[in-house]
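Single-letter residue listing:
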Amino acid sequence: ACDVQRPAAVEQLRVLGEQVGCEVVADLQDKPRNIARKALERAKHLFADVLIVDTAGRLTIDEGLMLELEQLRDAVQPDEVLLVLDSTTGQEAVNVAEAFHERFALTGTIFSKMDGDTRGGAILSVRAATGVPVRYIGVGEMTDQLEIFHPKRVAERILGMGDVMGLIERAEEAMDVAAVESIQSRMTSGKMDFNDMLSQYRMIRKMGPMKNLIKMLPGVAAQVPDEALDAMDEGKMARLEAIVLSMTPVERSNPDILNGSRRKRIARGSGSTAEEVNRLIDGLYQMRRTFKQMAKMEQRAKKKGLFRR
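In this report, we go over the structure that sits alongside the text. (Residues numbered from 1 in each chain as written. Predicted model: local features only at pLDDT ≥ 70, side-chain atom pairs only at ≥ 80, totals over all residues. Heavy atoms only, no water.)

A short note on the packing of helix α2 (residues 32–45) against helix α3 (residues 63–76)
Okay, step 1: At a closest axis distance of 8 Å, the pairing of α2 and α3 adopts a crossing angle of 25°. If you check the angle between α2 and α3, you find them roughly parallel. The handedness of the crossing between α2 and α3 is right-handed. Within the contact between the two elements, α2 uses Pro-32, Arg-33, Ala-36, Arg-37 and Leu-40 and α3 uses Glu-68, Gln-71, Leu-72, Ala-75 and Val-76.
Okay, step 2: Grouping the amino acids of the contact of α2 with α3 by side-chain chemistry returns six nonpolar, one polar and three charged. (Axes fitted to C-alpha atoms, helices over the stretch in contact; angles between N-to-C directions. Helix = DSSP H or I, 4+ residues; strand = E, 2+ residues; numbered from the N terminus. Parallel < 35°, antiparallel > 145°, perpendicular 65-115°, else oblique. Left-handed = near helix turned anticlockwise from the far one by under 90°. Contact = heavy atoms within 4.5 Å. Nonpolar A, V, L, I, M, F, W, Y, C, P; charged D, E, K, R; others polar.)

Structural notes on the packing of aromatic side chains
Okay, step 1: Following the criterion strictly, the structure yields one aromatic pair and no others.
Okay, step 2: Centre to centre, the rings of Phe-100 and Phe-104 are 5.8 Å apart; their planes meet at 35°, and the pair counts as tilted. Of this pair, Phe-100 and Phe-104 both sit in helix α4 (residues 91–104), four residues apart, which is roughly one turn of the helix.
Okay, step 3: Taking the relative accessible area as the measure of exposure, Phe-100 reaches 6% and is therefore buried.
Okay, step 4: Since its relative accessible area comes to 8%, Phe-104 is described here as buried. (Phe/Tyr/Trp six-rings, centres within 6.5 Å; stacked < 30°, edge-to-face > 60°. Buried < 20%, exposed > 50% of the residue type's maximum accessible area, 1.4 Å probe, protein only.)

A short note on the environment of Arg-73
Okay, step 1: With respect to the helices and strands, the residue Arg-73 is situated in helix α3.
Okay, step 2: On the accessibility criterion, Arg-73 (27% relative accessible area) is partly exposed.
Okay, step 3: Along the chain, Arg-73 and Arg-33 lie 40 residues apart, while their C-alpha atoms are 7.9 Å from each other.
Okay, step 4: Each residue touching Arg-73, except ones within four places of it in the same chain, is listed here: Pro-78, Arg-103 and Phe-104.
Okay, step 5: Within polar-contact distance, the side chain of Arg-73 engages the backbone oxygen of Arg-103 at 3.3 Å. (Polar contact = N/O pair within 3.5 Å; in protein donor to acceptor, adjacent residues only side chain to side chain.)

A closer look at unusual backbone geometry
Okay, step 1: With phi around 55°, Phe-47 is a residue other than glycine that occupies positive phi space.
Okay, step 2: Among the structural elements, Phe-47 can be located in the loop between α2 and α3.
Okay, step 3: For Phe-47, a relative accessible area of 73% gives the class exposed.
Okay, step 4: One non-glycine residue, Gln-77, lies in the positive phi region at around 50°.
Okay, step 5: Structurally, Gln-77 is set in the loop between α3 and β1 (82–86).

What to know about the pairing of strand β2 (residues 108–112)
Okay, step 1: In terms of burial, β2 is a largely internal element, four of the five residues being buried.
Okay, step 2: A crossover connection joins β1 to the parallel β2 through α4; in handedness this β-α-β unit is right-handed.
Okay, step 3: Sheet topology places β2 next to strand β3 (residues 134–138); three bridges connect them, and they run parallel. Its bridge partner lying in β3, Thr-109 is registered against Val-134. (Right-handed = clockwise from strand over helix to strand, strands pointing away. Pairing = 2+ DSSP bridges.)

Digging into the sheet that holds strand β4 (residues 146–148)
Okay, step 1: With respect to topology, four strands assemble into an open sheet ordered β1-β2-β3-β4, the strand pairing being mixed. Strands with a single pairing partner mark the edges of an open sheet, and in this sheet they are β1 and β4. Averaged over all pairs of adjacent strands, the angle between their axes in this sheet comes to 25°, without regard to strand direction.
Okay, step 2: Helix α5 (residues 121–130) rests against β1, β2 and β3 of the sheet, and its axis sits at about 165° to β2.

Things to note about the nonpolar core
Okay, step 1: If you look at the biggest cluster of nonpolar residues, it comprises 22 residues, and the most contacted ones within it are Leu-85, Phe-100, Phe-111 and Ile-137.
Okay, step 2: Broken down by secondary-structure element, the contributors of at least two residues to this core are α3, β1, α4, α5 and β3.
Okay, step 3: Filtering out sequence-adjacent residues up to four positions away, Phe-111 remains in contact with Leu-85, Ser-87, Ala-122, Ile-123, Val-126, Val-134, Tyr-136, Ile-137 and Gly-138.
Okay, step 4: Core analysis: the second largest hydrophobic core is formed by 16 residues, Phe-194, Val-244, Ile-266 and Leu-280 among them. (Core = buried A, V, L, I, M, F, W, Y, C linked by side-chain atoms within 4.5 Å.)

Examining the packing of α4 against α5
Okay, step 1: As a packed pair, α4 and α5 sit with axes 9 Å apart at the nearest point and diverge in direction by 30°. Taken together, the axis directions place α4 and α5 in an arrangement best described as roughly parallel. In this structure, α4 meets α5 at a crossing whose hand is right-handed. Where α4 approaches α5, its residues Ala-93, Val-94, Ala-97, Glu-98 and His-101 are matched on the opposing element by Ser-125, Val-126, Ala-129 and Thr-130.
Okay, step 2: Residue composition of the contact of α4 with α5, by class: five nonpolar, three polar and one charged.

See the structure below:
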């Protein structure tokens, strides 16, 4: 942790280290180059494969901080020098990248805030100006929202063509195969309950913000204006989850017992209205009916030899 400029930076890195299971070497009383040396010795002692040296961020070129970086680089002799850039800063990102590349011979860049309004113009500009490859892009604030950069996929997103492979990969990471098969079996048998619905909500939320998922759908991304995507209520799914969590385990497993008084209690407990609770319950019954009908149609098709798995 070599960012001693910002008071909370070290503590923030410690918290992040605990989340991902990574040891953090820090010393607020020492200079960055000495902290880096200690970290390198600690990494060797642990037989660690990788040492990441986190340095102070900067939006503009600061000579004092640049000298500090030179001293730090000379102390640890890094194999990789990665510059993290804000994709929303436009031309300023190009200026910073050029200055850093000239002084430190960058081996790669990482672009943050790619989940915002930007379409990736900064990536193209920095790449053209420096020739340095882009390694990763950040599409959110969570640790699992740092993605490997795929040029073709980002180009398709810029052109509004979506990103099917990226969507599939997110789904595979978010969804447990056994859980999906269990839910699918219950859905087709018409026995889906609120526990299954809750599992679905959580799987979808793990895939990231809904507007980002919509942008990855071919055809849809180009048709839906950015204003409409920005207006999407990401909190709606959280409110639905709160309603389900306000039910008792017995109620979640047996929706048929949800009478008027139980529904009023659930509405109070989740901070929602009785109408919202009723819509959610009606939605579950509608899903049950739909999947039952689909299962019957599939069985009929099988009997007639029209359907094969």
